[in-house]
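Understanding the architecture of this molecule
Residue strings, one per chain:
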Amino acid sequence: MAVLDDLREKTMKGKRKETGPLVQQALDEGIDPQEILDAMIDAMGVIGDRFSKGECFVPEMLVAARAMSAGTDVLKPAMAAGGAEPLGHAVIGTVKGDMHDIGKNLVRMMIEGKGVEIDDLGVDVPPETFVEYIKDHPECKVVCLSALLTTTMPALEETIKAIEDAGLRDNVKIMVGGAPVTQEFADQIGADAYTPDAGAAAERIAEFYK
Ligand code: B1M
(Lines give C-alpha, C1' and ligand atoms only; values in the text may rest on other atoms or scores of the structure.)
Protein backbone atom coordinates (compact mmCIF):
# COMPACT_ATOMS: atom_id res chain seq x y z
CA MET A 1 0.00 0.00 0.00
CA ALA A 2 1.49 3.28 -1.13
CA VAL A 3 0.61 5.21 2.01
CA LEU A 4 2.32 2.65 4.25
CA ASP A 5 5.45 2.66 2.07
CA ASP A 6 5.48 6.42 2.36
CA LEU A 7 4.97 6.23 6.14
CA ARG A 8 7.81 3.71 6.50
CA GLU A 9 10.10 5.94 4.45
CA LYS A 10 9.21 9.15 6.29
CA THR A 11 9.62 7.46 9.68
CA MET A 12 13.08 6.22 8.70
CA LYS A 13 14.04 9.66 7.51
CA GLY A 14 12.72 11.27 10.69
CA LYS A 15 10.16 13.49 8.96
CA ARG A 16 8.06 14.04 12.04
CA LYS A 17 5.76 16.67 10.49
CA GLU A 18 4.77 14.18 7.82
CA THR A 19 4.19 10.97 9.79
CA GLY A 20 1.07 12.20 11.66
CA PRO A 21 -0.76 13.22 8.46
CA LEU A 22 0.28 9.96 6.76
CA VAL A 23 -1.08 7.91 9.67
CA GLN A 24 -4.34 9.89 9.40
CA GLN A 25 -4.44 9.24 5.66
CA ALA A 26 -3.91 5.52 6.23
CA LEU A 27 -6.72 5.46 8.83
CA ASP A 28 -8.99 7.36 6.40
CA GLU A 29 -8.22 4.73 3.76
CA GLY A 30 -9.50 2.11 6.21
CA ILE A 31 -6.15 0.43 6.83
CA ASP A 32 -6.00 -1.63 10.02
CA PRO A 33 -4.29 0.34 12.85
CA GLN A 34 -2.04 -2.63 13.62
CA GLU A 35 -0.75 -2.61 10.02
CA ILE A 36 -0.06 1.11 10.29
CA LEU A 37 1.84 0.54 13.54
CA ASP A 38 3.78 -2.35 12.00
CA ALA A 39 4.96 -0.07 9.17
CA MET A 40 6.51 2.31 11.70
CA ILE A 41 7.98 -0.55 13.78
CA ASP A 42 9.55 -1.92 10.55
CA ALA A 43 11.10 1.47 9.96
CA MET A 44 12.65 1.47 13.44
CA GLY A 45 14.00 -2.03 12.80
CA VAL A 46 15.72 -0.82 9.64
CA ILE A 47 17.20 2.15 11.48
CA GLY A 48 18.42 -0.17 14.26
CA ASP A 49 20.09 -2.48 11.71
CA ARG A 50 21.76 0.48 10.03
CA PHE A 51 22.99 1.68 13.41
CA SER A 52 24.43 -1.77 14.14
CA LYS A 53 26.29 -1.70 10.82
CA GLY A 54 27.65 1.79 11.47
CA GLU A 55 25.61 3.21 8.59
CA CYS A 56 23.77 5.70 10.80
CA PHE A 57 24.26 7.23 14.23
CA VAL A 58 22.37 8.28 17.37
CA PRO A 59 20.92 11.51 15.87
CA GLU A 60 19.30 9.51 13.05
CA MET A 61 17.81 7.08 15.59
CA LEU A 62 16.54 10.00 17.61
CA VAL A 63 14.77 11.80 14.75
CA ALA A 64 13.27 8.51 13.57
CA ALA A 65 11.97 7.92 17.11
CA ARG A 66 10.41 11.39 17.18
CA ALA A 67 8.78 10.78 13.82
CA MET A 68 7.34 7.51 15.08
CA SER A 69 6.04 9.19 18.24
CA ALA A 70 4.29 11.83 16.12
CA GLY A 71 2.69 8.99 14.14
CA THR A 72 1.62 7.01 17.20
CA ASP A 73 0.03 10.16 18.72
CA VAL A 74 -2.38 10.17 15.79
CA LEU A 75 -2.83 6.40 15.93
CA LYS A 76 -3.50 6.25 19.67
CA PRO A 77 -7.30 6.76 19.63
CA ALA A 78 -7.70 3.98 17.06
CA MET A 79 -5.36 1.57 18.88
CA ALA A 80 -6.68 2.18 22.36
CA ALA A 81 -10.36 2.27 21.43
CA GLY A 82 -11.27 -0.65 23.66
CA GLY A 83 -14.17 0.98 25.46
CA ALA A 84 -13.47 -1.65 28.07
CA GLU A 85 -14.83 -1.76 31.62
CA PRO A 86 -12.36 -0.32 34.18
CA LEU A 87 -10.23 -3.23 35.42
CA GLY A 88 -7.86 -1.74 37.96
CA HIS A 89 -4.66 0.20 38.44
CA ALA A 90 -1.06 -0.31 37.24
CA VAL A 91 2.21 1.57 36.79
CA ILE A 92 4.79 1.46 33.99
CA GLY A 93 8.30 2.79 33.41
CA THR A 94 11.54 2.19 31.54
CA VAL A 95 14.18 1.09 34.02
CA LYS A 96 17.16 3.03 35.32
CA GLY A 97 19.80 3.92 32.74
CA ASP A 98 17.50 3.35 29.77
CA MET A 99 16.05 6.21 27.70
CA HIS A 100 14.01 4.16 25.20
CA ASP A 101 10.31 4.89 25.48
CA ILE A 102 8.50 4.09 22.24
CA GLY A 103 7.86 0.44 23.12
CA LYS A 104 6.91 1.38 26.67
CA ASN A 105 4.47 3.99 25.36
CA LEU A 106 2.87 1.42 23.06
CA VAL A 107 2.52 -1.05 25.94
CA ARG A 108 0.89 1.69 28.04
CA MET A 109 -1.46 2.60 25.19
CA MET A 110 -2.61 -0.99 24.65
CA ILE A 111 -3.02 -1.58 28.40
CA GLU A 112 -5.15 1.58 28.66
CA GLY A 113 -7.25 0.15 25.84
CA LYS A 114 -7.99 -2.85 28.08
CA GLY A 115 -9.48 -0.55 30.70
CA VAL A 116 -6.52 -0.48 33.10
CA GLU A 117 -5.71 2.88 34.64
CA ILE A 118 -1.93 3.08 34.26
CA ASP A 119 0.48 5.74 35.51
CA ASP A 120 3.64 6.29 33.48
CA LEU A 121 6.81 7.09 35.42
CA GLY A 122 8.74 7.77 32.20
CA VAL A 123 12.27 6.64 31.35
CA ASP A 124 15.43 6.09 33.41
CA VAL A 125 13.32 5.26 36.47
CA PRO A 126 15.37 4.21 39.52
CA PRO A 127 14.16 1.23 41.60
CA GLU A 128 13.42 3.55 44.56
CA THR A 129 10.91 5.49 42.48
CA PHE A 130 8.94 2.32 41.78
CA VAL A 131 9.11 1.43 45.48
CA GLU A 132 7.84 4.87 46.53
CA TYR A 133 5.09 4.71 43.94
CA ILE A 134 3.84 1.32 45.20
CA LYS A 135 3.89 2.59 48.80
CA ASP A 136 1.89 5.68 47.85
CA HIS A 137 -0.57 3.81 45.60
CA PRO A 138 -1.95 0.73 47.38
CA GLU A 139 -4.51 0.45 44.58
CA CYS A 140 -1.68 -0.38 42.15
CA LYS A 141 -1.74 -4.14 41.50
CA VAL A 142 0.69 -4.50 38.56
CA VAL A 143 4.13 -3.01 37.89
CA CYS A 144 5.28 -2.99 34.24
CA LEU A 145 9.00 -2.68 33.55
CA SER A 146 10.55 -2.05 30.13
CA ALA A 147 14.23 -2.41 29.15
CA LEU A 148 15.69 -2.06 25.65
CA LEU A 149 19.39 -2.47 26.30
CA THR A 150 21.31 -5.55 27.34
CA THR A 151 23.15 -3.23 29.73
CA THR A 152 19.91 -2.22 31.48
CA MET A 153 18.48 -5.73 31.83
CA PRO A 154 20.12 -6.00 35.29
CA ALA A 155 18.08 -2.96 36.35
CA LEU A 156 14.95 -5.10 35.89
CA GLU A 157 16.29 -7.48 38.53
CA GLU A 158 17.42 -4.60 40.77
CA THR A 159 13.94 -3.13 40.63
CA ILE A 160 12.29 -6.42 41.57
CA LYS A 161 14.82 -6.84 44.39
CA ALA A 162 14.13 -3.33 45.71
CA ILE A 163 10.39 -4.04 45.72
CA GLU A 164 11.08 -7.29 47.62
CA ASP A 165 13.43 -5.58 50.11
CA ALA A 166 10.75 -2.97 50.82
CA GLY A 167 8.37 -5.80 51.78
CA LEU A 168 6.02 -4.96 48.91
CA ARG A 169 6.54 -7.95 46.64
CA ASP A 170 3.27 -9.65 47.63
CA ASN A 171 1.30 -6.47 46.93
CA VAL A 172 2.01 -6.40 43.18
CA LYS A 173 2.47 -8.57 40.11
CA ILE A 174 5.50 -7.63 38.04
CA MET A 175 5.55 -7.78 34.23
CA VAL A 176 8.73 -7.30 32.22
CA GLY A 177 9.46 -6.81 28.53
CA GLY A 178 11.58 -5.15 25.88
CA ALA A 179 13.57 -6.41 22.90
CA PRO A 180 16.46 -8.15 24.75
CA VAL A 181 14.25 -9.68 27.46
CA THR A 182 13.26 -13.36 27.26
CA GLN A 183 10.95 -15.65 29.18
CA GLU A 184 14.01 -17.42 30.58
CA PHE A 185 15.45 -14.14 31.89
CA ALA A 186 12.08 -13.14 33.34
CA ASP A 187 11.89 -16.47 35.21
CA GLN A 188 15.45 -16.09 36.43
CA ILE A 189 14.79 -12.65 37.99
CA GLY A 190 11.47 -13.65 39.53
CA ALA A 191 9.08 -11.63 37.36
CA ASP A 192 5.46 -12.78 37.27
CA ALA A 193 5.11 -12.38 33.51
CA TYR A 194 7.04 -11.72 30.33
CA THR A 195 5.37 -10.74 27.08
CA PRO A 196 7.09 -10.03 23.76
CA ASP A 197 4.95 -7.15 22.53
CA ALA A 198 2.39 -4.54 23.48
CA GLY A 199 -0.65 -6.53 22.39
CA ALA A 200 0.42 -9.57 24.42
CA ALA A 201 1.17 -7.35 27.45
CA ALA A 202 -2.38 -5.98 27.34
CA GLU A 203 -3.87 -9.48 27.14
CA ARG A 204 -1.67 -10.73 29.99
CA ILE A 205 -2.31 -7.83 32.35
CA ALA A 206 -6.05 -8.32 32.07
CA GLU A 207 -5.62 -11.82 33.55
CA PHE A 208 -4.14 -10.33 36.73
CA TYR A 209 -7.40 -8.50 37.49
CA LYS A 210 -9.65 -11.57 37.15
CO1 B1M B 1 18.84 2.84 20.90
N2 B1M B 1 19.47 1.01 20.84
N3 B1M B 1 20.41 3.36 21.91
N4 B1M B 1 18.12 4.62 20.77
N5 B1M B 1 17.59 2.18 19.67
C6 B1M B 1 18.58 0.01 20.25
C7 B1M B 1 17.67 -0.61 21.30
C8 B1M B 1 19.61 -1.02 19.60
C9 B1M B 1 19.06 -2.45 19.48
C10 B1M B 1 20.12 -0.48 18.25
C11 B1M B 1 21.12 -1.41 17.59
O12 B1M B 1 22.25 -1.43 17.99
N13 B1M B 1 20.69 -2.17 16.58
C14 B1M B 1 20.79 -0.89 20.60
C15 B1M B 1 20.77 -1.83 21.81
C16 B1M B 1 21.77 -2.94 21.68
C17 B1M B 1 21.76 -3.80 22.87
O18 B1M B 1 21.66 -3.41 24.00
N19 B1M B 1 21.86 -5.08 22.60
C20 B1M B 1 20.68 0.56 21.02
C21 B1M B 1 21.75 1.32 21.56
C22 B1M B 1 23.11 0.65 21.58
C23 B1M B 1 21.57 2.64 22.03
C24 B1M B 1 22.64 3.55 22.67
C25 B1M B 1 23.56 2.86 23.68
C26 B1M B 1 23.43 4.19 21.51
C27 B1M B 1 24.58 5.09 21.94
O28 B1M B 1 24.40 6.06 22.61
N29 B1M B 1 25.75 4.69 21.52
C30 B1M B 1 21.77 4.64 23.34
C31 B1M B 1 21.39 4.28 24.79
C32 B1M B 1 20.69 5.42 25.47
C33 B1M B 1 20.07 4.95 26.77
O34 B1M B 1 18.99 4.42 26.79
N35 B1M B 1 20.81 5.12 27.87
C36 B1M B 1 20.56 4.59 22.46
C37 B1M B 1 19.75 5.69 22.25
C38 B1M B 1 18.62 5.69 21.43
C39 B1M B 1 17.84 6.97 21.10
C40 B1M B 1 17.65 7.88 22.32
C41 B1M B 1 18.57 7.72 20.02
C42 B1M B 1 16.52 6.35 20.50
C43 B1M B 1 15.39 6.17 21.55
C44 B1M B 1 14.39 7.31 21.52
C45 B1M B 1 13.13 6.97 22.28
O46 B1M B 1 12.83 5.84 22.62
N47 B1M B 1 12.40 8.03 22.57
C48 B1M B 1 16.98 4.95 20.10
C49 B1M B 1 16.25 4.13 19.20
C50 B1M B 1 15.11 4.77 18.47
C51 B1M B 1 16.58 2.77 18.99
C52 B1M B 1 15.95 1.77 18.00
C53 B1M B 1 16.44 2.13 16.60
C54 B1M B 1 14.45 1.68 17.98
C55 B1M B 1 13.81 1.40 19.36
C56 B1M B 1 12.32 1.41 19.18
O57 B1M B 1 11.69 2.39 19.51
N58 B1M B 1 11.75 0.34 18.56
C59 B1M B 1 16.54 0.39 18.53
C60 B1M B 1 16.73 -0.64 17.43
C61 B1M B 1 15.54 -1.57 17.31
O62 B1M B 1 14.67 -1.64 18.13
N63 B1M B 1 15.53 -2.36 16.27
C64 B1M B 1 17.67 0.83 19.38
C65 B1M B 1 10.35 0.28 18.24
C66 B1M B 1 9.54 -0.19 19.46
C67 B1M B 1 8.07 -0.28 19.09
O68 B1M B 1 9.99 -1.48 19.81
O69 B1M B 1 11.00 -0.69 21.98
O70 B1M B 1 11.34 -3.08 21.16
P71 B1M B 1 10.47 -1.88 21.28
O72 B1M B 1 9.14 -2.28 22.04
C73 B1M B 1 8.37 -3.41 21.72
C74 B1M B 1 8.80 -4.67 22.49
O75 B1M B 1 10.15 -4.68 22.89
C76 B1M B 1 7.84 -4.77 23.60
O77 B1M B 1 6.65 -4.19 23.09
C78 B1M B 1 6.98 -3.09 22.25
C79 B1M B 1 5.93 -2.92 21.19
O80 B1M B 1 5.36 -4.09 20.71
N81 B1M B 1 8.07 -4.16 24.91
C82 B1M B 1 7.44 -4.66 26.00
C83 B1M B 1 8.79 -3.08 25.28
N84 B1M B 1 8.64 -2.86 26.59
C85 B1M B 1 7.80 -3.82 27.06
C86 B1M B 1 7.30 -4.07 28.35
C87 B1M B 1 6.44 -5.15 28.53
C88 B1M B 1 6.11 -5.98 27.46
C89 B1M B 1 6.59 -5.74 26.19
O90 B1M B 1 5.89 -5.49 29.71
C91 B1M B 1 6.01 -4.62 30.79
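No experiment lies behind these values; they were computed from the predicted model shown. (Residues numbered from 1 in each chain as written. Predicted model: local features only at pLDDT ≥ 70, side-chain atom pairs only at ≥ 80, totals over all residues. Heavy atoms only, no water.)

1. Points about the coordination of the cobalt atom of the ligand
- No other protein atom reaches the cobalt atom of the ligand as a donor apart from His 100 (NE2), found 2.3 Å away.
- Examined against the element boundaries, His 100 turns out to sit in the loop between strand S1 (88-94) and helix H5 (102-113). (Donors = N, O, S within 2.8 Å, 3.2 Å for Na, K, Ca; no water. Helix = DSSP H or I, 4+ residues; strand = E, 2+ residues; numbered from the N terminus.)

2. As for the pattern of salt bridges
- Tallying each qualifying case throughout the model produces 14 salt bridges.
- Ionic pairing is found between Asp 6 and Lys 10, a salt bridge with its closest N-O pair at 3.0 Å. Placement of both Asp 6 and Lys 10 in helix H1 (residues 2-12) is noted, with a separation of 4 residues, approximately one turn of the helix.
- Looking at Asp 6, the relative accessible area reads 31%, which means it is partly exposed.
- Its salt-bridge partner being Glu 112, residue Arg 108 comes within 3.9 Å of it at the nearest N-O pair. A residue pair is termed a helical-turn pair when its members lie 3 or 4 positions apart in one helix, as Arg 108 and Glu 112 do in helix H5 at 4 residues.
- Residue Arg 108 is classed as buried on the basis of its relative accessible area, which comes to 18%.
- Residue class for Glu 112 comes out partly exposed when judged on its relative accessible area of 29%.
- One network of salt bridges, in which partners are shared, links Lys 76, Lys 104, Arg 108, Glu 112 and Asp 120. (Salt bridge = Lys/Arg side-chain N within 4 Å of Asp/Glu carboxyl O. Buried < 20%, exposed > 50% of the residue type's maximum accessible area, 1.4 Å probe, protein only.)

3. Focus on the environment of Gly 177
- Summarising the element assignment, Gly 177 is placed in strand S4 (residues 173-177).
- Separated by 30 residues in the primary sequence, Gly 177 and Ala 147 place their C-alpha atoms 6.5 Å from one another.
- Contacts of Gly 177, omitting those with residues within four sequence positions, involve Leu 145, Ser 146, Ala 147, Tyr 194 and Thr 195. (Contact = heavy atoms within 4.5 Å.)

4. Re the site of the ligand
- Near the ligand you find 34 residues, and of these Ser 52, Met 99, His 100, Asp 101 and Ser 146 are the closest.
- One of the backbone N or O atoms of Met 99 is found 2.6 Å from an oxygen atom in the ligand.
- With respect to the ligand, the backbone of Ala 179 contributes an N or O atom lying 3.1 Å from an oxygen atom.
- More than half of the atoms of the ligand fall within 2 Å of the grid points belonging to the largest pocket. (Near = heavy atom within 4 Å. Polar contact = N/O pair within 3.5 Å; in protein donor to acceptor, adjacent residues only side chain to side chain. 1 Å grid on protein atoms, 1.4 Å probe; cavity = no way out; pocket = protein on both sides within 12 Å on 5 of 7 lines; lining within 4 Å. Sits in = over half its atoms within 2 Å of the grid points.)

5. Side note on the side chain of Thr 94
- For Thr 94, the position within the fold is in strand S1.
- Within the structure, the side chain of Thr 94 is placed 3.0 Å from the backbone oxygen of His 100, a separation counted as a polar contact.
- Setting aside residues up to four positions removed in sequence, Thr 94 forms contacts with His 100, Asp 101, Lys 104, Gly 122, Val 123, Asp 124, Val 125 and Ser 146.

6. Comments concerning the domain arrangement of the protein
- You can read the domains of the protein as domain 1 (2-81) and domain 2 (88-208).
- For domain 1 versus domain 2, the distance between C-alpha centres works out to 25 Å.
- Tallying the contact residues gives 10 residues for domain 1 and 7 residues for domain 2.
- Both faces combined, the contact of domain 1 with domain 2 buries some 710 Å², and carbon together with sulfur accounts for 77% of it.
- When the buried area of domain 1 at its contact with domain 2 is split by residue, Lys 76, Met 79 and Ala 80 rank highest and sum to 53% of it.
- Our count for the contact surface shared by domain 1 and domain 2 stands at 1 salt bridge. (Domains from an automatic or database assignment. Buried area = accessible area lost by both parts, 1.4 Å probe.)

7. Section: the layout of surface pockets
- Its volume calculated, the largest pocket comes out at about 1,300 Å³.
- What lines the largest pocket is a set of 45 residues, among which His 100, Asp 101, Ile 102, Gly 103 and Leu 148 lie closest to the centre.
- At the level of secondary structure, the elements contributing two or more residues to the lining of the largest pocket comprise helix H3 (33-52), helix H4 (58-79), H5, strand S3 (140-146), S4 and helix H9 (198-208).
- Counting residues per element, the lining of the largest pocket draws most heavily on H3, which supplies 11 residues.
- When the residues that make up the lining of the largest pocket are grouped by side-chain class, the tally is 27 nonpolar, 12 polar and 6 charged.
- Here the lining of the largest pocket spans two domains, and each of domain 1 (2-81) and domain 2 (88-208) adds at least three residues to it. (Points joined across faces, edges and corners; volume = space filled by probe spheres on them. Nonpolar A, V, L, I, M, F, W, Y, C, P; charged D, E, K, R; others polar.)

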